[in-house]
Amino acid sequence: MRTVANYLKFLKVDPQILSRINRFYEFRFANKIMFSEDDIVGELPPKLRAELVLHRFQPTVDRIPFFIGLSEDVITSICVQFREYAVLPGDFVVCRGDPYRELLVLTKGKCRSVPPEEDDRESLSPRSYAASARRDDTAGTAISPKSTSGVIEYPAGSFFGELEFLGLSDTRPTTIRAKTYCELSRYEVSWIPLCSQ
């Protein structure tokens, strides 16, 4: 933490950003995720690594329709490629119009969609302003998200970005914001050749 604090002090970071970064690290520390999962998993023998990775991700991967029916080896290869990160309550998970092609899986926490009329344009990424696709999103349908008055609530196990991941869309169709502290796993489309052999 001292290294992070010194770095932020050196950059003369705005107090609002500083507060959010501090909350992020407080969350990681409180939830005992201040270690590198890649380092731990990478040291294990292949069979033990596969068992651990499947224990960790199998229930989540089982909810993603286009991963159903894949062999255990392929599922393990996919799960080893997942990269995890945390999102603070109120922060954006994805923004309408962003051009990313990664699949995001909500492993912990809750999110909600933000209807177009509630989008806070100042908080969205600059790429979002140029977006032309303004469709409703049904991401995470395998988990049956709840919809109340046009807002979709996403529980752990939901996934986002499947349209972009599969090449069916060029931009994110909706804005999704974290309701609670969230952990997400991302999987990039460029990693597929590593798993399909």
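Everything below is about the structure printed above this text.
This section reports on the structure supplied with the text. (Residues numbered from 1 in each chain as written. Predicted model: local features only at pLDDT ≥ 70, side-chain atom pairs only at ≥ 80, totals over all residues. Heavy atoms only, no water.)

The next subject is helix α4 (residues 46-61). The terminal C-alpha atoms of α4 lie 20 Å apart, and with 16 residues this falls more than 12% below the ideal 22 Å at 1.5 Å per residue. At H55, α4 is bent by approximately 45°, the largest bend along its length, and proline P59 sits one to four residues beyond. Of all the positions in α4, only A50, V53, L54, F57, T60 and V61 are classed as buried. (Helix = DSSP H or I, 4+ residues; strand = E, 2+ residues; numbered from the N terminus. Expected span 1.5 Å × (residues − 1). Bend = angle between axes of the 7 residues up to and from the residue. Buried < 20%, exposed > 50% of the residue type's maximum accessible area, 1.4 Å probe, protein only.)

Before going further, it helps to examine the nonpolar core. The biggest cluster of nonpolar side chains holds 17 residues, and the ones touching the most others in it are V61, F67, C79, F82 and L103. Where this core is concerned, the elements lending two or more residues are α4, α5 (72-81) and β3 (102-108). Ignoring anything within four residues of it in the chain, the contact list for L103 reads I64, F66, F67, F159, F160, G161, E162, F165, S185, R186 and Y187. (Core = buried A, V, L, I, M, F, W, Y, C linked by side-chain atoms within 4.5 Å. Contact = heavy atoms within 4.5 Å.)

Below, the discussion takes up the packing of aromatic side chains. For any two aromatic rings, the description comes down to two numbers: the centre-to-centre distance and the angle of the planes. Going through the model one piece at a time under the given rule, you end up with seven aromatic pairs. Seen in terms of ring centroids, F57 and F82 are 5.1 Å apart; in terms of plane orientation they differ by 45°. Their pairing is tilted. You can see F57 sitting in helix α4 and its partner F82 sitting in the loop between α5 and β1 (83-87), a full 25 residues away along the chain. Take F82: its relative accessible area is 4%, and that puts it in the buried class. Aromatic pair F165 and Y187: ring centres 5.8 Å apart, planes at 55°, arrangement tilted. Taken together, the positions of F165 in helix α7 (residues 162-165) and Y187 in strand β9 (residues 182-188) put the pair 22 residues apart, joining distant regions of the chain. (Phe/Tyr/Trp six-rings, centres within 6.5 Å; stacked < 30°, edge-to-face > 60°.)

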